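Here are the chains, one letter per residue:
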Amino acid sequence: TPVHPGLEAVISVPVGREGVFQAVADREHAFTAADVALAEILAGHLRGSLQRIRLAEDLREQATRDPLTGLHNRRFLKEILEREGERARRYEHPISVVMADIDQFKEVNDRFGHVRGDQVLCEVARLLRRSVRDGDYVVRYGGEEFVIVMPETADRAGEVIERLQEAVRDWTLEAGLQDLPFGLTMGSAVWDPQSERGGSWESLLERADQVLYSFKRRKAR
């Protein structure tokens, strides 16, 4: 049965899970056995090409994601900053960076075990992801450290930090960790292309890191 009133002949060859390769004609018996064989060969080549593309995408995703938390990893952070930095220069929009460190994370591992520690990391990652916009990036920087990159903003860092710290405090009570000095210490920095033409992304991260550790020193007193 023709798939369209104007079509009288159709070759339809499955392309694996990708779909169907089709050739159509407006007259009956337009295709020969050789045409069918050629369509099958083309569909096979197409299937192989699509599988290679998917494999390359999967490998890239694995290379840029932290396997435990599912967040972007440190390897991908430079690419994020360079790409968003170019956009910031072009449109003269600022970028905010927040660095976060889980307080007393070693105690969680020591008292509850590394499996529980991994659960804590995953939960903190989830809270971070839920507390930012869709266009923001959350990166597991290493160990119990995270980085949030917020394009096109210079004034939301304080609001995000306050919301995150409150969310972690609430979750700490639910998770039964309230007897530990557990929480997030966070520091932020802003790069504004309208006032700062120089500087590297490493220096932006260092500035946020310095703010973070100044807060940690205050907590330790």
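Cut-offs applied
Residues numbered from 1 in each chain as written. Predicted model: local features only at pLDDT ≥ 70, side-chain atom pairs only at ≥ 80, totals over all residues. Heavy atoms only, no water. Helix = DSSP H or I, 4+ residues; strand = E, 2+ residues; numbered from the N terminus. Buried < 20%, exposed > 50% of the residue type's maximum accessible area, 1.4 Å probe, protein only. Core = buried A, V, L, I, M, F, W, Y, C linked by side-chain atoms within 4.5 Å. Contact = heavy atoms within 4.5 Å. Patch = residues over 30% accessible without salt bridge, like charges linked within 9 Å, V, L, I, M, F, W, Y side chains within 5 Å. Areas by Shrake-Rupley, 256 points an atom, 1.4 Å probe, with all protein chains shown as cover. Salt bridge = Lys/Arg side-chain N within 4 Å of Asp/Glu carboxyl O. Lys, Arg positive; Asp, Glu negative; His and termini not counted. Charge placed at Lys NZ, Arg CZ, Asp CG, Glu CD. Polar contact = N/O pair within 3.5 Å; in protein donor to acceptor, adjacent residues only side chain to side chain. Phe/Tyr/Trp six-rings, centres within 6.5 Å; stacked < 30°, edge-to-face > 60°. Lys NZ or Arg CZ within 6 Å of the ring centre and 35° of its normal. Expected span 1.5 Å × (residues − 1). Arc of directions from axis to C-beta. Pairing = 2+ DSSP bridges. Axes fitted to C-alpha atoms, helices over the stretch in contact; angles between N-to-C directions.

Q: Describe the overall build of the protein chain, and please don't skip the residues or the numbers.
A: Scanning the protein chain for helices and strands turns up six helices and seven strands. N-terminal to C-terminal, the α/β element order of the protein chain is β-β-α-β-α-β-α-α-β-β-α-β-α. Along the three orthogonal principal directions, the C-alpha set of the protein chain runs to about 85 × 50 × 30 Å. Counting the 221 residues in the protein chain, one finds 38% classified as buried.

Q: I'd like to hear about unusual backbone geometry, residue by residue, with values.
A: Here the phi dihedral of Gln104 falls at roughly 55 degrees; this positive angle occurs in a residue that is not glycine. With respect to the secondary-structure elements, Gln104 resides in the loop between β4 (95-103) and α3 (105-112). Notably, Glu152 is not glycine yet its phi reads approximately 60 degrees, a positive angle. Note that Glu152 resides in the loop between β6 (145-151) and α5 (157-175).

Q: Got a sec to walk through the nonpolar core? Specific residues and values, please.
A: Phe146, Ile148, Phe182 and Leu184 are the most contacted members of the largest nonpolar core, which has 28 residues in total. Setting aside residues no more than four positions away along its own chain, Leu184 makes contact with Ala100, Asp101, Ile102, Asp103, Val124, Leu128, Leu164, Gln165, Val168 and Lys219.

Q: I'd love a proper account of a negative patch on the surface, names of residues and values included.
A: Together, Glu162, Glu166, Asp170 and Glu174 make up a negatively charged patch on the protein surface. Its location among the elements puts Glu174 in helix α5. Taking the relative accessible area as the measure of exposure, Glu174 reaches 67% and is therefore exposed.

Q: I'd like a rundown of the side chain of Ser131, residues and numbers included.
A: As for its position among the elements, Ser131 is in the loop between α4 (114-130) and β5 (137-142). Only 2.8 Å separates the side chain of Ser131 from the backbone oxygen of Leu127, close enough to count as a polar contact. Beyond its immediate sequence surroundings of up to four residues, Ser131 is in contact with Val160, Arg163 and Leu164.

Q: Explain the packing of aromatic side chains to me, and be specific about the residues and the numbers.
A: All told, the structure shown has zero aromatic pairs when counted by the stated rule. When the ring centre of Tyr141 is taken as reference, the NZ or CZ atom of Arg74 above it lies at 3.9 Å.

Q: Break down helix α6 (residues 201-220) for me, with residues and values.
A: Counted at 1.5 Å a residue, the expected span for α6 with its 20 residues is 28 Å, and the 29 Å between its end C-alpha atoms agrees. Restricting attention to buried positions, one finds in α6 the residues Trp201, Leu204, Leu205, Ala208 and Leu212. The buried residues of α6 all sit within an arc of 95 degrees when viewed along its axis, so they share a single face. Across α6 from its buried face, at more than 90 degrees, point the exposed residues Gln210, Arg217, Arg218 and Ala220. Where α6 is buried, its residues meet α2 (74-91), β4, β5, β6 and β7 (183-191).

Q: Could you give me a rundown of the pairing of strand β2 (residues 20-25), with the residues and numbers involved?
A: Direction of pairing for strand β1 (residues 9-14) relative to β2: antiparallel, over a ladder of six bridges. Across the sheet, the residue bridging to Ile11 is Ala23, located in β2. Hairpin connection, β1 to β2: the antiparallel pair is bridged by five residues, and Gly16 has positive phi, about 55 degrees.

Q: Describe the sheet that holds strand β3 (residues 72-73), and please don't skip the residues or the numbers.
A: If you walk across this open sheet you meet the five strands as β3-β5-β6-β4-β7, and the pairing is mixed. Only two strands of the sheet have a single partner each, and these edge strands are β3 and β7. Pairing between β4 and β6: seven bridges, direction antiparallel. In the strand pairing of β6, Val98 is matched with Ile148. In the packing of α2 onto the sheet, contacts are made with β3, β4, β5, β6 and β7, and the angle to β5 comes to roughly 140 degrees.

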